[in-house]
Structure formats: C-alpha cells, structure tokens
Amino acid sequence: MLSTNDQNENIVYRGYTIVPLPTQGHDDLWHDGYQIQLVGVQIASRNNTESAHSTRDTAFDSSVDFAKIEVDNLIALTE
C-alpha cells in the first residue's frame, strides 16, 4: 500500500506515469480513477469504476493498483 498522508502525486511505473484520480460517488463512496501517460501522452483513462471504497485513501491505492495492472498488460501486448 502507498502512504496515505499526501496522495496527490503521480507514480512512475515501468516507464509510464500513473495519475491517480479517485472520485467521490454516491453515498459518500469513492471510486477508482486514473490516467496512464507515456512521455506526456495520455495512453488510457479510467474513472468512476464499479469499485467502491469508504475512503479516498483506499480508492487512491486501488486506483494505482489497477493502473499498474493495465500498464503490465500494455507492456505484455508489445513484447
């Protein structure tokens, strides 16, 4: 898990930049959201997913985890 103190930073993973963007939805629940960039160009974007969390911190961590899986898949497709 990531530190939950200040989660407004981008994550560099395997050469890609992950921009976590958790969003608050219904019933005060938080949903995963993120952008994936490569050399400043947006490669993928997901928001308001079906995954719901009770805190922003948990949604932030989950957003990063899902984005890392997508990066891994993107890399696997190009190998």
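Residues numbered from 1 in each chain as written. Predicted model: local features only at pLDDT ≥ 70, side-chain atom pairs only at ≥ 80, totals over all residues. Heavy atoms only, no water.

### Comments concerning the sheet that holds strand β6 (residues 41–46)
- One open sheet holds the four strands; their spatial order is β1-β2-β5-β6, and the pairing between them is antiparallel. Two strands close off the open sheet at either side, each with one partner strand: β1 (11–13) and β6. Across the sheet, the axes of successive neighbouring strands diverge by a mean angle of 25 degrees, strand direction being ignored.
- Pairing geometry for strand β2 (residues 16–20) and strand β5 (residues 34–38), over four bridges, is antiparallel. Bridge pairing in β5 places Pro20 opposite Tyr34.
- Contacting β1, β2, β5 and β6, helix α1 (residues 56–78) runs over the sheet at an angle of about 150 degrees to β2. (Pairing = 2+ DSSP bridges. Helix = DSSP H or I, 4+ residues; strand = E, 2+ residues; numbered from the N terminus. Axes fitted to C-alpha atoms, helices over the stretch in contact; angles between N-to-C directions. Contact = heavy atoms within 4.5 Å.)

### Looking at the environment of Ile11
- Mapping Ile11 onto the fold places it in strand β1.
- Under the relative-accessibility criterion, Ile11 is labelled buried at 12%.
- Remark: the alpha-carbon pair of Ile11 and Lys68, spanning 57 residues in sequence, is separated by 9.6 Å. (Buried < 20%, exposed > 50% of the residue type's maximum accessible area, 1.4 Å probe, protein only.)

### A word on the nonpolar core
- Formed by Ile11, Tyr16, Ile18, Tyr34, Ile36, Ala44, Phe60, Val64, Ala67, Val71 and Ile75, the largest nonpolar core amounts to eleven residues.
- Those elements that provide at least two residues to this core are β2, β5 and α1.
- Among the elements that take part in this core, α1 stands out by supplying five residues, more than any other. (Core = buried A, V, L, I, M, F, W, Y, C linked by side-chain atoms within 4.5 Å.)

### Some remarks on the pattern of salt bridges
- Counting across every chain of the model gives two salt bridges.
- A salt bridge links Asp72 to Arg14; its shortest N-O distance comes to 2.8 Å. Of this pair, Asp72 sits in helix α1 while Arg14 sits in the loop between β1 and β2, and the two are 58 residues apart along the sequence.
- Arg14 gets classed as partly exposed once you look at its relative accessible area, which sits at 47%. (Salt bridge = Lys/Arg side-chain N within 4 Å of Asp/Glu carboxyl O.)

### Here we look at a nonpolar patch on the surface
- A grouping of Leu38, Val39, Val41 and Ile43 is seen on the molecular surface, where their side chains present a nonpolar patch of about 360 Å² in accessible area.
- Looking at the element boundaries, Val41 is found in strand β6. (Patch = residues over 30% accessible without salt bridge, like charges linked within 9 Å, V, L, I, M, F, W, Y side chains within 5 Å. Areas by Shrake-Rupley, 256 points an atom, 1.4 Å probe, with all protein chains shown as cover.)

### A word on the confidence of the model for the chain
- When the pLDDT values of the chain are averaged, the result is 89; 90% of them are 70 or greater.
- Low pLDDT, under 50, characterises residues 1–5; the predicted model gives this stretch eight contacts beyond four residues in sequence or across chains. (pLDDT = per-residue confidence, 0-100.)

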